[in-house]
Amino acid sequence: MDLKYTLWGKKITFPSDILAADMSILLFLLIGVGLLTYFKKWKWLWGWLTTTHHSKIGILYLTAGGAFFLRGGLDALIMRVQLALPENQFWVFQGEKYNQMMTTHGTTMIFFVAMPLLIGLMNVAVPLQIGARDLAFPYLNALSFWLFFAGGSLVNISFILGGSPTAGWTAYAPLALKEFSPGPGNDYYALGLQIAGIGTLLTAINFLVTILNKRTKGMTLTRMPLFTWSTLVTSLLILFAFPALTVALLLLSFDRLFGTSFLSADAGNALIWQHLFWIFGHPEVYILILPAFGIFSDVISTFAKKKLFGYTSMVFAIVLIGFLGFMVWVHHMFTVGLGPASNAIFAISTMSIAVPTGIKVFNWLFTLKGGVIRFNTAMLYALSFIPTFVMGGVTGVMLAAAPADYQYHDSYFVVGHFHYVIVGGTILGIFSGLYYWWPKMFGFLLDEKRGKWQFWLFAIGFHLTFFPMHIMGLMGMPRRVYTYLEDSGLGTLNMISTIGAFLMGLSVLFFIYTVYWSCRNGVRDASGDPWDGRTLEWAIPSPPPEYNFARRPFVRGVDAFWKEKMEGDGTFQPAEKLKPIHIPPSNVQPMILSGIFFMTAFGFIFDWNLVKIGGGILILGMLIWRSFTDKGGHFITAEELAEREERKGGR
Amino acid sequence: MYKRFLPVFLIFMIAALSGCSGIDVLDPKGPAAREEFDLFQLTIYLMLLVLATVFILFFYFLWKYRITPERKNHIPNGPSGNKKLEITWTVIPIVILIIIAIPTVKSTYHLSDAADAKNLQGKTVIEVTAHQFWWEFHYLDGDIKTSDVLHIPTNQDVVLVIRSDDTIHSLWVPQLGGKMDAIPGKTNRLWVKADEPGSYEGKCAELCGAAHAYMLFTVKAESKQDFQKWKQAMKQKESGNQKTESAAAGEKVFKKNCLSCHAVNGSGETISRGNAPNLTGFADHDRIASVLPNTKENIVKWINDPKKYKPGTEMPSFKHLSAKEKEELAEHVQSLELDGISGKGDGGHGS
């Protein structure tokens, strides 16, 4: 199936898998260009590409994260087909090709799917929840998005340009070094994550400043909705964890690109990478789960019609989990041979995370108690999270018992465990958040009937896929293998797992269909408050005007909007007079700057000095340009504001 | 709504706990693995208790407090907190964790001490070197080297001294006890001990490159006498008396083409060659390079294109040999038997 031809005396081969990828990219591009031209939407697109508005950037994050989700999911399906039968030879996906799929799947899902989708939801909801008009630094927010997009594209495009990374998403040295992974694959990994990482770090700073500084009157820290709280703690985690990744990636890049040997076994120490990576990597899993905890807290209290049980201990638990998240990285390294003292200490510190997590689970349960539980799709996702996550959590405690982990470590048991917590936590949280905030973002509801179908497909597929993995691990199946022997008895369970994976894939496609269907026939959200909401974001129209709140509301307690509904007429006392509101300008610079980062990365990957130096100069130039153009935008006058509010009948 | 998963879950769990033979981790054959299995049992029972509590409360609350036509307009006014309850579900997990933590710490130290360099008296010490993508075992006592098959005496403490020659690997024998990473530039130790003779699967657990999946090995546990016999046989030269004519011709082909990398003499002293497995006693191996079943046709296939069957292997193709030469070569390597030890082992993966 490979395509071979000779061009100017050079033999060129397009392997069939790359050819298929090329064709699909080309197809999607053509469809996109065609649609944009047909519907005369180019100007509309430009508006999106240059936007600095938080809710639009949130939607950009969701769109890009969703696209990467499809890629990561496709990788997963390819892996599952290869593993469905013992000693299978599916297409070309054995050996290094399989490692490419597996590495891209992991890297993409963690960095370019789970995180951006959560950050997307944060962008949409957090400013509204605290009564802010935008994030503290709108330009920076756009830059964060585009840097993430550039990094994600870099890792994704590597497949068709000469090889994806192959050393797993953890990229352990010395396997990830030039000596054992020649070719550009792992350079894409190091540079792509580095660029995206800058974006994530900037986002964290942006949210920290926003939440600490941009709250409306009366919105004290102790009155913030849980999603905002979890965003605050997550941002802190990013602020402390990502620098470790930055350093690790720098060492890796230096070793690969400039021939240093920080991480090689001869002159350096291969374990430096593992320590740095997990000092980042363990908090990273809490960066992924805490925002989901926030979403579930908001969703469960809304659909149980009750204030969250134990609000204070919920907040305390989030902070404690965040703190402990930094103390446990060695549990990823129990078999490295660091000695019994360090294994014992880290085993106990790891187990201790179960305590605040347990507090949260029981608080959620008791929020349900005595409530009036509505089973909307958003709520179904939130509810299914509880048993799923607890199942993932208990295997976490089992893994924490170091000597037992000598058996589970790097086996499919671990693969089962972390999919139960990451998919059963983060991805269920993202779906829940999408159904929950969809009307706020777009002004119409996602269809409940189709949504529920989608939920059940996903839930059944999920358990079919990942439950058998625990057993496979106990049967002795190591992770990251592309095949297993016939007589190992692993065939049946792997086949079940593959069937489950396809059900999940089907569910994701069904979600896209649900969005399409609801876009055409969905119920319009006229009131702006479709769920009988409890927090500030439901007090303004859907979708919100560009300034969010004409007059920022005065907040009197936790579940601010519910309090006004119960104790008053459901409207807020304004915390300010009508006054002109500054709307920051659209800006094309973030996209250009990130584009330059993207191009410069190729300079390093393929060692083109001109591109490297040129890119460096251009980046510096962009920064200087930016520092002279930090003005503009426009004001909405008080009169105009009054008139617009009148027309909308906004609260 | 999760009710429909509960039975499935329970069946899986019961299957797991009953220790059916397919589930290696739950079927330990040595004290190290048994210690880990005990910890597994303790944790899983406690965790099933936690799961049961959460599941019962969860489904009970969902059922009891679901929206119904009568409760549609009800505005819940329940407490939004309860100190006593919250303290309860903080303290109980702490107690559970203490119950788990004590044996965890004990066992961590015990397993580590059992392999400690200071406590090697009376133990068999075997050096393990992990390569991309095969295992080399060096018996210090007797200076014997084998590849992909680890022979150990039963009821004897064995300490594996684990190193790596290239990337990070991880040695794992589920039934004999845990795993330990092989890290270049670092030496690790692992204690294993087998209760009964048998053949146990071993594998590499850490991603080490293209053929990570095929970095398998077999542990053959034998009675002390059999182990001694095997060691003696390894020290002697390969048997030559059963050779057919074509196998003898194959030996010539082997000497010309293969001997520059592969040794066929068990004694470590004579091996100073490249990064290639020792083929002594190849007739006893169940698979060629842990990939293809050990048949004549497969050896020919392997010689033609090793990278096709084991991606990333260093062995080049020997396609250029004539069909007759390949045939003879196959016959020769299959005749590599140890003196005094007859026939193929009972072992194999998935014992």
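- Looking at an unreviewed UniProt entry, one finds chain B named Cytochrome c oxidase subunit 2, with Falsibacillus pallidus as its source organism.
- Chain B has a UniProt comment under Function (unreviewed entry) that states "Subunits I and II form the functional core of the enzyme complex. Electrons originating in cytochrome c are transferred via heme a and Cu(A) to the binuclear center formed by heme a3 and Cu(B)."
- UniProt's Sequence similarities (unreviewed entry) comment on chain B is quoted here verbatim: "Belongs to the cytochrome c oxidase subunit 2 family."

- Chain A is annotated in an unreviewed UniProt entry as Cytochrome c oxidase subunit 1 from Falsibacillus pallidus.
- For the record of chain A, the UniProt heading Sequence similarities (unreviewed entry) holds the text "Belongs to the heme-copper respiratory oxidase family."
- The annotation that UniProt attaches to chain A under Pathway (unreviewed entry) is "Energy metabolism; oxidative phosphorylation."

### Regarding the overall build of chain B
(1) Moving on: Regarding its fold elements, chain B presents 8 helices and 12 strands.
(2) Moving on: Across the 351 residues of chain B, 55% fall into the buried class.
(3) Moving on: Carbon and sulfur atoms make up 57% of the accessible area of chain B, which amounts to about 15,400 Å² in all.

### Focus: the nonpolar core
(1) Moving on: Judged by nonpolar contacts, the single largest core of 256 residues is most densely connected at Trp273, Trp364 and Leu368 of chain A.
(2) Moving on: Here this core spans two domains, and each of domain 1 (124-235) and domain 2 (245-335) of chain B adds at least three residues to it.
(3) Moving on: Sequence-distant contacts of Trp364 of chain A, that is, excluding residues within four places in its chain, are made with Phe293, Phe296, Ser297, Ile300, Leu308, Met314, Phe385 and Ile386 of chain A.
(4) Moving on: Val192, Ala211, Met215 and Phe227 of chain B belong to the second largest nonpolar core, which has 34 residues in total.

### A short note on the UniProt feature "domain: Cytochrome oxidase subunit I profile" (unreviewed entry) in chain A
(1) Moving on: Here the UniProt-annotated "domain: Cytochrome oxidase subunit I profile" (unreviewed entry) positions come out as residues 40-556 of chain A.
(2) Moving on: Secondary structure content for residues 40-556 of chain A is 68% helix and 0% strand, while the C-alpha to C-alpha distance between its ends is 47 Å.

### Description of empty space enclosed by the protein
(1) Moving on: Within this structure, the stated rule accounts for 6 cavities of 30 Å³ or more.
(2) Moving on: Put simply, the second largest cavity is a space of about 150 Å³.
(3) Moving on: Pro478, Tyr484 and Leu485 of chain A together with Lys203 and Leu216 of chain B are the residues nearest the centre of the second largest cavity, which is lined by 17 residues in total.
(4) Moving on: When residues in the lining of the second largest cavity are grouped by element, the largest group, 3 residues, is from strand β9 (residues 198-204) of chain B.
(5) Moving on: Split by residue class, the lining of the second largest cavity holds 10 nonpolar, 5 polar and 2 charged.

### Re the packing of aromatic side chains
(1) Moving on: Scanning all chains against the criterion turns up 77 aromatic pairs over all chains.
(2) Moving on: On the basis of an interplanar angle of 20° and a centroid distance of 5.5 Å, the ring pair of Tyr61 of chain A and Phe148 of chain A is categorised as stacked. A residue pair is termed long-range when its members are at least 10 positions apart, and Tyr61 of chain A in helix α3 (residues 54-84) and Phe148 of chain A in helix α5 (residues 138-157) qualify at 87 residues.
(3) Moving on: For Tyr61 of chain A, a relative accessible area of 2% corresponds to the buried category.
(4) Moving on: Lying across the ring of Trp48 of chain A, Lys56 of chain A places its NZ or CZ 5.0 Å from the centre.
(5) Moving on: It is Lys179 of chain B that lies over the ring of Trp172 of chain B; its NZ or CZ is 4.0 Å from the centre.

### Brief notes about the side chain of Lys440 of chain A
Residues and elements named next belong to chain A.
(1) Moving on: Here Lys440 shows up in helix α14 (residues 412-442).
(2) Moving on: Despite its burial, Lys440 pairs with no opposite charge, the nearest such side chain being Asp525 at 5.0 Å.
(3) Moving on: Of note is the side chain of Lys440, whose polar atom sits 2.6 Å from the backbone oxygen of Ile540.
(4) Moving on: Aside from chain neighbours lying at most four places away, what touches Lys440 is Leu128, Gly528, Glu537, Trp538, Ile540, Pro541, Ser542, Pro543 and Pro544.

### Notes on unusual backbone geometry
(1) Moving on: Cis geometry is adopted by the peptide bond preceding Pro543 of chain A, which originates at Ser542 of chain A and carries an omega value of -20°.
(2) Moving on: Within the fold, Pro543 of chain A resides in the loop between α16 (491-521) and α17 (560-567).
(3) Moving on: Following Gln132 of chain B, the chain continues into Phe133 of chain B via a peptide bond in cis, with omega recorded as 5°.
(4) Moving on: Turning to its location among the elements, Phe133 of chain B is positioned in the loop between β1 (124-131) and β2 (134-139).
(5) Moving on: Here the phi dihedral of Asn548 of chain A falls at roughly 60°; this positive angle occurs in a residue that is not glycine.
(6) Moving on: Here Asn548 of chain A shows up in the loop between α16 and α17.
(7) Moving on: At Ser290 of chain B, a position not held by glycine, the phi torsion is positive, near 65°.

### A short note on the sheet that holds β1 of chain B
All names here are of chain B.
(1) Moving on: In space, the 5 strands of this open sheet follow the order β3-β2-β1-β5-β8, with mixed pairing throughout. Of all the strands in the sheet, just β3 (144-147) and β8 (188-192) have a single pairing partner and so form its edges. For this sheet the average axis-to-axis angle between neighbouring strands, irrespective of direction, equals 25°.
(2) Moving on: Bridge count for β1 against β2 is 6 bridges, and the pairing is antiparallel. Residue pairing for β2: Val128 is matched across the bridge by Phe137.
(3) Moving on: Docked against the sheet, helix α4 (residues 224-235) engages β2 and β3, running at close to 100° with respect to β3.

### Considering the pattern of salt bridges
Residues and elements named next belong to chain A.
(1) Moving on: Counting across every chain of the model gives 27 salt bridges over all chains.
(2) Moving on: Arg644 serves as the salt-bridge partner of Glu546, at 3.7 Å between the closest nitrogen and oxygen. With Glu546 in the loop between α16 and α17 and Arg644 in helix α20 (residues 638-648), the pair connects residues that are 98 residues apart, well separated along the chain.
(3) Moving on: Taking relative accessible area as the criterion, Glu546 reaches 30% and is therefore assigned partly exposed.
(4) Moving on: Using a relative accessible area of 18% as the deciding quantity, one classes Arg644 as buried.
(5) Moving on: With a closest N to O distance of 2.7 Å, Lys612 and Asp607 form a salt bridge.
(6) Moving on: Members of the salt-bridge network, linked through shared partners, are Arg133, Glu576 and Lys579.

### Brief notes about the domain arrangement of chain B
Reports often express the size of an interface as the amount of accessible area lost when the parts come together.
Residue and element names in this part refer to chain B.
(1) Moving on: Segmenting chain B into domains produces domain 1 (124-235) and domain 2 (245-335).
(2) Moving on: When each unit is reduced to the centre of its C-alpha atoms, the spacing between domain 1 and domain 2 is 22 Å.
(3) Moving on: At the junction of the two partners, domain 1 supplies 17 residues and domain 2 supplies 21 residues.
(4) Moving on: Between domain 1 and domain 2 lies a buried interface of about 1,600 Å² when both sides are counted; carbon and sulfur atoms form 51% of it.
(5) Moving on: Taken together, domain 1 and domain 2 are joined by 0 salt bridges.
(6) Moving on: Summed over the shared surface of domain 1 and domain 2, the result is 6 residue pairs in polar contact (both at pLDDT 80 or more).
(7) Moving on: Sorting the residues of the side of domain 1 that touches domain 2 by element identifies β3 and β10 (216-222) as the ones contributing at least two each.
(8) Moving on: Among the elements that take part in the side of domain 1 that touches domain 2, β3 stands out by supplying 3 residues, more than any other.
(9) Moving on: Each residue belonging to the side of domain 1 that touches domain 2 can be placed in one class, and the counts come to 9 nonpolar, 3 polar and 5 charged.

### A closer look at the interface of chain A and chain B
(1) Moving on: If you look at the interface, chain A gives 96 residues, while chain B gives 92 residues.
(2) Moving on: Interface area for chain A against chain B, summed over the two sides, is near 8,100 Å², with a carbon-plus-sulfur share of 74%.
(3) Moving on: Contact with chain B buries area across many residues of chain A, yet Gln407, Leu474 and Leu485 of chain A alone supply 8% of it, more than any other trio.
(4) Moving on: Where chain A packs against chain B, one counts 1 salt bridge.
(5) Moving on: The salt bridge partner of Glu87 of chain A is Arg287 of chain B, with a shortest N-O separation of 3.6 Å.
(6) Moving on: One can count 20 residue pairs in polar contact (both at pLDDT 80 or more) joining chain A with chain B.
(7) Moving on: Sorting elements by how many residues they give to the side of chain A that touches chain B places helix α12 (residues 377-400) of chain A first, with 11 residues.
(8) Moving on: Of the residues contributing to the side of chain A that touches chain B, the split by class is 61 nonpolar, 23 polar and 12 charged.

The rules behind the values
- Residues numbered from 1 in each chain as written.
- Chains lettered and ligands numbered in written order.
- Predicted model: local features only at pLDDT ≥ 70, side-chain atom pairs only at ≥ 80, totals over all residues.
- Heavy atoms only, no water.
- UniProt positions renumbered as here; feature names shortened; annotations may be inferred.
- Helix = DSSP H or I, 4+ residues; strand = E, 2+ residues; numbered from the N terminus.
- Buried < 20%, exposed > 50% of the residue type's maximum accessible area, 1.4 Å probe, protein only.
- Areas by Shrake-Rupley, 256 points an atom, 1.4 Å probe, with all protein chains shown as cover.
- Core = buried A, V, L, I, M, F, W, Y, C linked by side-chain atoms within 4.5 Å.
- Domains from an automatic or database assignment.
- Contact = heavy atoms within 4.5 Å.
- 1 Å grid on protein atoms, 1.4 Å probe; cavity = no way out; pocket = protein on both sides within 12 Å on 5 of 7 lines; lining within 4 Å.
- Points joined across faces, edges and corners; volume = space filled by probe spheres on them.
- Nonpolar A, V, L, I, M, F, W, Y, C, P; charged D, E, K, R; others polar.
- Phe/Tyr/Trp six-rings, centres within 6.5 Å; stacked < 30°, edge-to-face > 60°.
- Lys NZ or Arg CZ within 6 Å of the ring centre and 35° of its normal.
- Lys, Arg positive; Asp, Glu negative; His and termini not counted.
- Salt bridge = Lys/Arg side-chain N within 4 Å of Asp/Glu carboxyl O.
- Polar contact = N/O pair within 3.5 Å; in protein donor to acceptor, adjacent residues only side chain to side chain.
- Pairing = 2+ DSSP bridges.
- Axes fitted to C-alpha atoms, helices over the stretch in contact; angles between N-to-C directions.
- Buried area = accessible area lost by both parts, 1.4 Å probe.

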